[in-house]
Each structure stands twice: as C-alpha cells, then as structure tokens.
Amino acid sequence: MSATGVKIAAVGRYAPERIVTNADFEKTLETSDEWIVTRTGMKRRHYAAPEQATSDLAIAAARDALSRTNLTAQDIDCFIVATATPDYPFPATACIVASALGAIDKPAFDIEIACSGFIYGLTVGSSLVRAGVYRRVMLIGAETLSKITNQKDRGTAILFGDGAGAVILEASETDSFLSSELGSDGMKPELLQVAIGGSRRAADAAALDAGEQFIRMEGREVFKFAVTKMIDATDVALRKANLEKGDLDFLIPHQANRRIIDAAAKYLEMPPEKVLVNIEEYGNTSAASIPLALSEALDAGRIKDGDTIVFVGFGGGLSWGAVCWKWVA
Ligand code: COA
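Let us look at the structure shown here. (Residues numbered from 1 in each chain as written. Predicted model: local features only at pLDDT ≥ 70, side-chain atom pairs only at ≥ 80, totals over all residues. Heavy atoms only, no water.)

**Considering the environment of Asp-209**
As a reminder, the rule being used: Secondary structure elements follow DSSP: runs of H or I of four or more residues count as helices, runs of E of two or more count as strands, with numbering from the N terminus.
One can find Asp-209 in helix α7 (residues 205–209). Between the C-alpha atoms of Asp-209 and Ala-157, which are 52 residues apart in sequence, the distance is 18 Å.

If you want it as structure tokens, here you go:
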C-alpha cells in the first residue's frame, strides 16, 4: 500500500426518459405550478419506467462515465453505489452494477445514508484511493425515489425524482481531496424515513394499507436542519482545508429545495453563478443529485482546472456532509 492523491477522472449521468411536470401534479393533487416553483424551485422530474430498477440507472450513468475514458469496467478496482432505493434489501446494488458492466470478481458495496450518500461515498472512495488500496473506484449515486414516493401526498410527491450520476475516482500525483466533514444525528429517524420493510417493522398488510412503504417527512423540521447543516458543514470543510469562503469557485449542493440552497449560499456569500443548481429539471434525486449537477456543469464547460469546489449534502439519518475538492482536469 502506498499513499497517493486522488482525482475525478470522468463523470457520467443518466436520467430516465419520462418527465413529470408540475402541471401533471395539478391534475392529481391539490397543488399548483406556482406553489411548487416558489416553495421548491422545481419544474420537472424524471421518473423511471416500471421495469427500470436503480441498478439500471446506475449502469447507464457508469457506462456514460466510462465512455468518456479509455477504460473498461475491468480497469475499475472497486464499485460503490450510494442509494436509498436499492434494487433489493440485499444483495447490494453495486454487485449487480459491477457485473452488468463486465467487471469480474471486483469488490462492490452500497452506501446507504440517504441524500448524503454521494458525500459519504466521495469520502470513502477517495480514502480508498489515497491510502493506495485501490487505483480506481467507481462511485455512483443512483435513485428511483418515485418508487417510494406517495403520489397522494402533496407534501412529498412533488419533491422527488429519479436519476444517477457516476464518478471515476483515480490515483493521481496531484490531490483533489482537500477535506471532508461528515455528521449524523439519529435521535429522530422519523423526521425523514421509510418506516417499514426493515427489521423494526414488517411491511405487513396493515402498514401497506396505511401507505407506510412510502417516504414520510416533517418538511419544516428538515428544512431548518438542512440550512443549518449545509452552512456548518461547508464552514468546517473549508476550515479543515485552510480555506475561506472567498476561495471557493463553486458550491455544488444537494438539490432538495431551491430555498434551502439560496439560504445557504447567501450565508456563504456565494453569488448565484457560483452555485450549481439543476433542481428545476430533476427535483430531489437524493444521492444522485450532486453527481448529476457536476456532470452537467462539466459538459457546459463551467468547471476549470484548479477550481475549488465544495460538495455539500444532507438527508435522512439525519445526516450531512461536505467535501472540499480541487478540480484537476
Ligand atoms: N401544494 C400546495 N400546498 C402544499 C403543498 C403542495 N405541494 N405541500 C404542502 N402544502 C401546504 C401545506 O399543507 C401547508 O398548508 P397549511 O398552511 O394549510 O397547513 C402549507 O402548504 C405550508 O406548508 P409548509 O410545510 O409550511 O410549507 P413549506 O414552505 O415548508 O414547504 C416543503 C414545504 C416540503 C417544500 C419544505 O418544507 C421543504 O422543502 N422541506 C425540506 C424538504 C427536504 O429537503 N427533504 C429532503 C431532504 S434530503
């Protein structure tokens, strides 16, 4: 084992074809385009087809990332899928993804920490590379949240969408990983959870009738927590990297609510052009939202060699995290 730096060698993404607009929700729920746009910033989300599972989205994003390199799946030493919507309780979705891509006998595992999944995964994957354990790690944030969303609950139905983003982490002489700040508070899991189907409560007929297989959320509580933790985690990550707010070129936040992002950006003194937001198009795609935004920004030529980025997220757990990253082209 030898210590080295890490960089992101390639990024890919995939979003399912079907688009659900605010106007579609106006037909089925007591809501309006105006309410959704002002309260969340969302206009559309992509929904997986009935036959599409999370691994299908993850595979498509991973193939997109690989297609931007000369690598094959066999050149990847380890696969990590961050998801709150795995194909099955077990086996891990990452095993299915790695094999479908053509990787043989490679280590593969999931990270389940809800919407903080990409930030945790970036910390774990980068650490594996920097410690010299693996030369290349494929980290994929992938979700099919539409499948665990109660389409009759206007408080949550409008928020969530499906998608996947993949990054290839690779050993490098220069080190992109500047710092990480992760945290969790499990005192109130009920603030944001799927309450049944685990070892605490079975998905029995009564629970299913009550719609408990779907996401349950205390929106206002989560909102307050999210703003505070986005700011705190970013502050600490910057401090750990010996940087100040003014040194930041881009903030790439988890896309949960435009107002949460704006409130955090205001405190962090980040002008709008430095905050990457694509919530309008995808809604909240949990662990996929940050790599989706990164992928689009790269394709648009917005991120340049040497840029300093903070990736920051939060979600069920409750959980949160920020990673400070120096972009190496
Ligand atoms: N359309 C119209 N009205 C709606 C609505 C919808 N889709 N959803 C909720 N409302 C209503 C509520 O019922 C409430 O009505 P009332 O005043 O008659 O009780 C009113 O709007 C205000 O509800 P409130 O929950 O205070 O709204 P809000 O401004 O907090 O916005 C969220 C609701 C869910 C958009 C917001 O709380 C939020 O984004 N929270 C964080 C969610 C999040 O980030 N989750 C994922 C974390 S990874």
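Still more to cover.
**Comments concerning the environment of Lys-152**
Structurally, the position occupied by Lys-152 is in the loop between β6 (136–144) and α6 (154–157). For the pair Lys-152 and Leu-29, spaced 123 residues apart in sequence, the C-alpha separation works out to 6.9 Å.

**Quick notes on helix α5 (residues 117–130)**
Threshold: By this rule the span expected of a helix is its residue count minus one, scaled by 1.5 Å. Relative accessibility under 20% of the residue-type maximum defines a buried residue, over 50% an exposed one, and the middle range a partly exposed one, all with a 1.4 Å probe and only protein chains included.
Under the 1.5 Å per step criterion, the end-to-end length of α5 is 19 Å for 14 residues, consistent within 8% with the ideal 20 Å. Looking only at α5, the buried set comprises Gly-117, Phe-118, Ile-119, Tyr-120, Gly-121, Leu-122, Thr-123, Gly-125, Ser-126, Leu-128 and Val-129. Gly-132 sits one or two positions beyond α5 and adopts a positive phi of about 80°.

**Describing the site of the ligand**
Rule in force here: Neighbouring residues are identified by heavy atoms, a residue being near a molecule or strand if any of them is within 4 Å of it. Polar contacts, as counted here, are pairs of nitrogen or oxygen atoms within 3.5 Å of one another; within protein the pair requires one atom able to donate a hydrogen and one able to accept it, and residues that are adjacent in sequence qualify only if both atoms are side-chain atoms. For every accessible area listed, the method is Shrake-Rupley and the probe measures 1.4 Å; residues are considered covered only by the protein chains on display. Gly counts as polar in this scheme, as do all residues outside two lists: the nonpolar Ala, Val, Leu, Ile, Met, Phe, Trp, Tyr, Cys and Pro, and the charged Asp, Glu, Lys and Arg. All domain edges in this entry derive from an automatic or database-based domain assignment.
Around the ligand, the surrounding shell holds 23 residues, and the nearest of these are Thr-31, Arg-39, Arg-154, Arg-220 and Asn-257. Measuring from an oxygen atom of the ligand, one finds a side-chain N or O atom of Arg-39 at 2.7 Å. Protein contacts shield 76% of the accessible area of the ligand, which totals 950 Å² for the unbound molecule. Counting only elements with at least two residues in the shell around the ligand, the list comes to α2 (33–40), α6, α8 (219–240), α9 (258–267) and β12 (308–315). The element best represented in the shell around the ligand is α8, accounting for 4 residues. Partitioned by chemical class, the residues of the shell around the ligand number 10 nonpolar, 8 polar and 5 charged. Two domains each donate at least three residues to the shell around the ligand, and these are domain 1 (5–175) and domain 2 (178–326).

**Regarding the side chain of Thr-93**
Rules: Contact criterion: two residues are considered in contact whenever any of their non-hydrogen atoms come within 4.5 Å of each other.
For Thr-93, the position within the fold is in helix α4 (residues 93–101). Note on Thr-93: relative accessible area 0%, which makes it buried. In contact with Thr-93, not counting residues within four places along its chain, are Thr-54, Ser-55, Val-81, Thr-83, Pro-86, Asp-87 and Asp-110.

**Observations regarding the sheet that holds strand β7 (residues 162–172)**
This is how the line gets drawn: Strands were regarded as paired on the criterion that DSSP finds at least two bridges between them. Angles here are taken between N-to-C directions and fall from 0 to 180 degrees, while the axes themselves are lines fitted to C-alpha atoms, restricted in helices to the stretch in contact.
Within the open sheet, the 5 strands sit side by side as β1-β7-β6-β4-β5. Their pairing is mixed. Only two strands of the sheet have a single partner each, and these edge strands are β1 (5–14) and β5 (108–111). Between one strand axis and the next, the sheet turns through 20° on average, direction left out of account. As paired elements, β6 and β7 share 9 bridges and run antiparallel to each other. The residue bridging Glu-143 from the neighbouring strand is Gly-163, located in β7. Packing against the sheet, helix α3 (residues 54–67) makes contact with β1, β6 and β7, and its axis sits at approximately 45° to β7. The sheet contacts of α4 involve β4 (78–82), β5 and β6, and relative to β4 the element is tilted by about 130°.

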